[in-house]
Amino acid sequence: MGLHPAFPKSPFAILDPTIRWFPADDDLRSNTMDKLLPPLVQELRRQVKTWRDKRYAGASDTSKSLLNWWFNTPHYLPKADGSSCEFKYYFAQQEALETIVYLHDVVKIIDKYDLMRFDATHFVTASMFDESWRRFVVKMATGSGKTKVMSLALAWSYFHKLYEADSDMARNFLVIAPNIIVLDRIYKDFKGLDIFLHDPVLPDDGHDGRNWREDFQLSIHLQDDVRMVRKTGNIFLTNIHRVYAGNEALPSPDDDNTMDYFLGTRPTGATNDSKVDLGLIVRDIDELMVINDEAHHIHDHKLAWFKSIEDIHNRLLMKGASLSLQVDVTATPKHNNGGIFVQTVADYPLVEAISQNVVKHPVLPDAPSRAKLAERQSAKFTEKYADYLNLGVIEWRKAYAEHEKLGKKAILFVMTDDTKNCDEVAEFLKSAYPELENSVLVIHTKNNGEISETATGKKKEELDRLRGLANAIDGDDSPYKAIVSVLMLKEGWDVRNVTTIVGLRSYSSKSNILPEQTLGRGLRKMYPGGLEEYVSVIGTNAFMEFVESIQAEGVILEHRPMGDDSGPKAPLVVEVDKDNEKKDLDKLDIELPVLSARVYREFKNLDALDVASLGNGKIPHLEFSPEEKREIVFKEITTDKVTHTTILDGATANDYRNALGFFARYIMDEMRLVSGYDVLYGKIKLFIEHHLFDRDVDLEDLNTLRNLSEPGVKQRVLKAFKKAINDLTIEDKGNAEIRDHIKLRETRPFTANEQGYLIPKKSVFNKVVGDSHFELMFAKFLDDCDDVVAFAKNYFAVHFKLDYVNADGEISNYYPDFFVKLADGRIFIVETKGQEDLDVPLKMERLKQWCEDVNALQDDAIFDFVFVDMDGFEKYRPSDFTSLVAGFTKYK
C-alpha cells in the first residue's frame, strides 16, 4: 500500500504517472477500485504528461501564455521585511489546470461521451453522468490549495473568452459554496480580488503582447448583494442554498406578465432569507461558468443543489447559449456508496499530500495506549467517555506547550453525537481542566454536520456570532483553546491550529461522512514550508475503526504511545535551555559581532555594460528548414525544462520582441534586478545582432529566431550577461563596521523536522539537530572536549550569516556550521563538510576576511576559524579542539 520508492518529497516536483499512488492489494483493486481511484484519471495523467512534454502543443495562444506564466516562469513575492521569496504552485495545482485546459483546448470536450473516452476501467457508462453540460471534477486533499485552483481556472476562462476568437468560455462566474462557513473562507481570498493580485495569477502587462492586468476587470457580488454592473466581468459568490429553484408554479405564456415564461422565473429557496436572483443573472448575461467549492455536496441529481445548476444551464439554452463549464473542487468527490464521481479528471490523494508534507500527519494511539481506554458504565455522557476526554486533553496540553514556544496556539476539537451531549462535554472541560475554564467554544450543527441556514432574528445573530468566533479561533485575540461540536465535518470549518481530535460518536453508513472529512478538520498546516506537523486522533473504538478505514486509500496512519509518559506529537522545537538547572547560560552564551556587508550592488552602473566584451568565442549561425522555423522554444539551462514557447508563424512571424523580452525578464529574475529592463533589453538586442553569432544577424529573419531556441544559445546569453552584470555591479567596500551583536541566548524558539539530534551539555540550546550524521558526530566531539567551554550549531534562527561572492559570481549568503568558545576566550567559527564544492574555498576566504575585520574592530574576544572535512576528522580523530585546530589548517 506504500508509495512508489521514487515518489518525490517535494510537492513542487513534476510527478510521472507511473509513480502515482495505486492500490497494491489485489482484493482492493478487484472489489473497491471505484472507491479508490477515479476511472478517468490514469489515462488523463498519461496524456497530459505527453502534452506537457510537447510544450502544450495544440492549446490556444492564451492558454499557452497563462500556463507558461503560472508554471514555467520564476515568481518572487515581497516579504514584510522588504526581501522577497520565490513562489511556486504545487504540482497538483498545476496538473489540475493543465488537465482542464487540455480537455477544453486540445480534446475539445463537449459532453459526457467525450469524457468517457478516457475510461481505463471499461465500466463507466453514460448513465453515471447526470449532467448534460461540460463538468470537470478536481479531487485534491484538504489543505492542498483548492482555492488557488479555483482562482486559476477563473482567470483562464476570463482571458480565454476575452482573447480567443469564437471562445465558448465565460467572463461571468457563479462561485458556489455549500454553506456560509465555506462562503466566508472563499470571500476572504476573493475580496478585492486579493488572491488574483497577491498570487502571480495575472501575467505582467506586456507578457506575450497582452495587457493582462489592465484587462482583468471583475466585480464581486456577495450572496444577496447582487448588482448587475455589466454583462461581463462578474463574480457571483454565493451559498448553494441561495440558488435553489424553489417550488413556485411554473410560468405560462398565458400569464399577464410573460417575462418569467420567456426569461426564467425569479426562484425562491428553502430559507427565509432573500436569494440570489437567478432570473436577473440569466436575463442580463449570455455567458457563465460555475465553480463549485466542496463539491461533494452535489452528489445526487435529485438534490436541489444539482437541480439549481441544471436550471441555470437550461435557462441559458433558452437564449441559445449554455453553461460554459462547471469546475468542482473537493477532497472527497464521492457518492453515498463511496464511489468516486466519474467526472473526476485530476486527483491529488491524501496519501500523496501527507507524504509531501502538504498536510499534517495523522497520529493514533498505539495498542498499549488504546488498551487503557474504556467506556464506563454510566448514563452520563462525560462519565462514559472520561478516559477519552482525559487522554485528549493530555495530548492537547503537550502540543499546546510546544506550539506556544513558537507563538502558536494549539486547538482541541471534540466531536459528539447530539447537542445535549455537546453541551455536557463543554461544561465538563471547563470545570475539570482549569486552563479551559473560559476557553471552550460550542457550536451546534445539525446531526449531519451542517450548520443550519434557516436561522432568523436573534437565532441568526447568534449563529453569525458563533461562526465568526469559530473562524477566528486560530488568532491570538481569540480566548478559545477548545471547540466542541455535533460532528462539524461538512460545513467547511478549516482552521489550521487543530492538533488534537477526540471523536465520541458511533459512525454508521447512514452518516454519509468519509474518513478524510473527519481527519480534514485537523489536516491544514500551521507552519509554512515542508516542516512535518501532526494531528493526534483519539476516540471510541467505532470512531477509530472508522478513521483507520482510510488506510484502504493508501494513507499510513502512524501509531504512537500517548499519555503522560510520552512526548508531544508536535514539530521538534529547538530553544534556549532556560529550564535546565544544570546549565549556566551566562557561561554557555556566545556573543557574535554583526558586521556591515562588504559586498554590494551598484545598479546605476548597468548603462556601462559593454556587450562587445562579453566573453570569447561566437556561436555558429545555423540554417533551419521551413518546418523547423515554426516555433522558438526556451528551456531551463540546468533541467532542460520548457519555460516558454513563441510561435513564429502567422501575425507574430517577424516579431522578435517576444524573444528579446523573454531573455531580458529571465536575466532580471535570475539576477534579482528590480529595475533596468529597458537598458538590458537594448543591450541584449545589440549583443545578439552583432556579438553572439559568428556573423551579424537580422532579427527579422525567422532563421535567427529559430537559432535562439538552440540549447547552447540561452546558456551563452545568460552566462555572458550574468558575469558582465556581476563584474559591473558588485563592489567590495574594502572595510566593515560593527552594526550589532548576536547573543545566542536571545534566540527565539524554532522548529525542525523530526531527525537525529543530540542533547548537549555545553550549549545554550536544548538540542543540536544535525543535518547529517557527521554534524551530530562532530557536535558530540565538541560536547566532550575538555578545552571547549561552549559551542552551538548555527541555525537559521540565529541569523548569523556572511555575504560573499559565490562561484557563479553572484552575491550570496553563507551560514557557517558551528560556533566554539574555548577556555582561553577565543571563539572559533567552524565549517564542516562531507564533500567539498566550488564554493568552499570562497566561503573560507570570506570567513578569514571576516575574522580579520572583527579582530581589528574590537578586542573583547579573538575570533578565528577552522575547516573540518569528514575524511580528515575520521582519519585523525583529534583528542581535543586545540589539536583539531592544529591539524586542520587547509584554508589558513
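This text follows the structure it describes.
What comes next concerns the included structure. Treat the numbers as computed from the prediction; the structure is a model and nothing was measured.

### Overview of the environment of Tyr 102
Tracing the backbone shows Tyr 102 in helix α4 (residues 91–106). When its relative accessible area of 9% is taken as the criterion, Tyr 102 is described as buried. C-alpha of Tyr 102 to C-alpha of Val 48: the two residues are 54 residues apart in sequence and 6.9 Å apart in space. Those residues in contact with Tyr 102 that sit more than four places away from it in its chain are Leu 44, Gln 47, Val 48, Trp 51, Val 107 and Phe 118.

### Concerning the packing of aromatic side chains
The full count for this structure, using the stated rule, is 34 aromatic pairs. Here the aromatic rings of Phe 87 and Tyr 89 are separated by 4.9 Å at their centres, their planes lie at 90°, and the arrangement is edge-to-face. Geometrically, the ring pair formed by Tyr 385 and Tyr 388 is edge-to-face, given 5.9 Å between the ring centres and 65° between the ring planes. We note that Tyr 385, like Tyr 388, is buried. Ring pairs connect the aromatic residues Tyr 158, Phe 159, Tyr 163, Phe 190, Phe 196, Trp 212 and Phe 216, which therefore count as one cluster. Taking the ring centre of Tyr 527 as reference, the NZ or CZ of Lys 408 above it sits at 5.7 Å.

### A word on the packing of helix α3 (residues 61–72) against α4
Running from N to C, α3 and α4 cross one another at 175°; their axes reach a closest spacing of 11 Å. Between α3 and α4, the angle falls in the class roughly antiparallel. Counting all contacts with α3, which are made through Ser 63, Leu 67, Trp 70 and Phe 71, the residues of α4 involved are Gln 93, Gln 94, Leu 97, Glu 98, Val 101 and Asp 105. When grouped by side-chain class, the residues that make up the contact of α3 with α4 number five nonpolar, three polar and two charged.

### Re the nonpolar core
Counting residues in hydrophobic clusters, the biggest one holds 105 residues, and the most contacted among them are Trp 70, Leu 154, Phe 196 and Phe 216. Top element by residues in this core is helix α6 (residues 146–163). It accounts for 10 residues. With residues near it in sequence (within four places) discarded, Phe 216 still touches Leu 154, Ala 155, Tyr 158, Phe 159, Leu 193, Phe 196 and Leu 202. Counting 60 residues, the second largest nonpolar core, distinct from the first, contains Leu 585, Val 798, Leu 802 and Trp 850.

### A look at the pairing of strand β12 (residues 440–443)
A two-sided burial pattern is seen for β12, the buried positions comprising Val 440 and Val 442 on one face and Leu 441 and Ile 443 on the other. In this sheet, strand β13 (residues 482–486) lies alongside β12 in parallel orientation, the contact comprising four bridges. In the sheet register, Val 440 faces β13, and the bridge partner there is Ala 482.

### Re unusual backbone geometry
Excluding glycine, a negative phi dihedral is what most residues carry, and trans is how most peptide bonds are arranged. Of note, Arg 55 is a non-glycine position whose phi angle comes to about 65°, a positive value. Mapping Arg 55 onto the fold places it in the loop between α2 (41–53) and α3. Even without a glycine there, the phi angle at Lys 108 is positive, about 60°. In this fold, Lys 108 is placed in the loop between α4 and α5 (112–115).

### Quick notes on helix α27 (residues 840–857)
Between its terminal C-alpha atoms α27 stretches 26 Å, which fits the 26 Å expected from 18 residues at 1.5 Å a residue. Burial in α27 covers these residues: Val 840, Lys 843, Met 844, Arg 846, Leu 847, Trp 850, Cys 851, Asp 853 and Val 854. Those residues of α27 that are buried are in contact with β18 (591–595), β28 (802–805), β29 (811–814), β31 (827–833) and β32 (863–869).

### Section: a negative patch on the surface
On the surface, Glu 591, Glu 746, Asp 859 and Asp 860 cluster together into a negatively charged patch. The residue Glu 746 is located in the loop between β23 (738–743) and β24 (750–752) in this model. Here Glu 746 falls in the exposed class, since its relative accessible area comes to 58%.

### A closer look at the side chain of Asp 293
Mapped onto the secondary structure, Asp 293 falls in strand β7 (residues 289–293). Here Arg 185 takes part through its side chain, which lies 3.1 Å from a polar atom of the side chain of Asp 293. Once residues lying within four places of it in the same chain are set aside, the contact partners of Asp 293 are Lys 146, Met 150, Ile 176, Pro 178, Val 182, Arg 185, Ile 186 and Val 329.

### Re the sheet that holds strand β5 (residues 219–222)
Sheet architecture is open: seven strands sit in the order β5-β6-β4-β7-β8-β3-β9, paired in parallel fashion. Among the strands making up the open sheet, the edge pair consists of β5 and β9 (344–348). Taking each pair of neighbouring strands and ignoring which way they run, the sheet shows an average axis angle of 15°. Sheet topology places β5 next to strand β6 (residues 234–239); four bridges connect them, and they run parallel. Within the sheet, the bridge partner assigned to Ile 220 lies in β6 and is Ile 235. Docked against the sheet, α6 engages β3 (135–140), β4 (172–177), β6, β7 and β8 (325–330), running at close to 180° with respect to β7.

### Thoughts on the pairing of strand β15 (residues 534–539)
Buried residues dominate β15, accounting for six of its six residues. Alternating positions in β15 separate into two faces, Tyr 534, Ser 536 and Ile 538 on one and Val 535, Val 537 and Gly 539 on the other, with burial throughout. Pairing geometry for strand β10 (residues 361–365) and β15, over three bridges, is parallel. By the bridge assignment, Pro 362 is partnered in β15 with Val 535. As defined by bridge partners, strand β14 (residues 498–503) adjoins β15 across four bridges and the pair is classed as parallel. Paired with Gly 503 across the two strands is Gly 539, which belongs to β15.

### Comments concerning the environment of Met 777
The residue Met 777 is located in helix α26 (residues 773–784) in this model. For Met 777, a relative accessible area of 18% corresponds to the buried category. Each C-alpha atom, one on Met 777 and one on Leu 758, is 9.2 Å from the other, the two residues being 19 residues apart in sequence. The residues contacting Met 777, other than those within four sequence positions of it, are Phe 873, Glu 874 and Arg 877.

### Points about the sheet that holds strand β30 (residues 818–822)
Taken in spatial order, the four strands of this open sheet run β27-β30-β31-β32, and their pairing is mixed. If you trace the sheet from one side to the other, it starts and ends with β27 (788–793) and β32, each paired once. For this sheet, the mean inter-axis angle between neighbouring strands, taken without regard to orientation, is 25°. As defined by bridge partners, β30 adjoins β31 across four bridges and the pair is classed as antiparallel. Within β31, the residue paired with Val 820 across the bridge is Phe 828. Across the face of the sheet, α27 comes into contact with β31 and β32 while running at roughly 160° to β32.

### What to know about α6
Over its 18 residues, α6 runs 26 Å from end to end, which matches the ideal 26 Å to within 8%, given 1.5 Å per residue. Extensive coverage of α6 is indicated by the burial of 15 of its 18 residues.

About the thresholds
- Residues numbered from 1 in each chain as written.
- Predicted model: local features only at pLDDT ≥ 70, side-chain atom pairs only at ≥ 80, totals over all residues.
- Heavy atoms only, no water.
- Helix = DSSP H or I, 4+ residues; strand = E, 2+ residues; numbered from the N terminus.
- Buried < 20%, exposed > 50% of the residue type's maximum accessible area, 1.4 Å probe, protein only.
- Contact = heavy atoms within 4.5 Å.
- Phe/Tyr/Trp six-rings, centres within 6.5 Å; stacked < 30°, edge-to-face > 60°.
- Lys NZ or Arg CZ within 6 Å of the ring centre and 35° of its normal.
- Axes fitted to C-alpha atoms, helices over the stretch in contact; angles between N-to-C directions.
- Parallel < 35°, antiparallel > 145°, perpendicular 65-115°, else oblique.
- Nonpolar A, V, L, I, M, F, W, Y, C, P; charged D, E, K, R; others polar.
- Core = buried A, V, L, I, M, F, W, Y, C linked by side-chain atoms within 4.5 Å.
- Pairing = 2+ DSSP bridges.
- Expected span 1.5 Å × (residues − 1).
- Patch = residues over 30% accessible without salt bridge, like charges linked within 9 Å, V, L, I, M, F, W, Y side chains within 5 Å.
- Areas by Shrake-Rupley, 256 points an atom, 1.4 Å probe, with all protein chains shown as cover.
- Salt bridge = Lys/Arg side-chain N within 4 Å of Asp/Glu carboxyl O.
- Lys, Arg positive; Asp, Glu negative; His and termini not counted.
- Charge placed at Lys NZ, Arg CZ, Asp CG, Glu CD.
- Polar contact = N/O pair within 3.5 Å; in protein donor to acceptor, adjacent residues only side chain to side chain.

So yeah, pure geometry; function would need other evidence.
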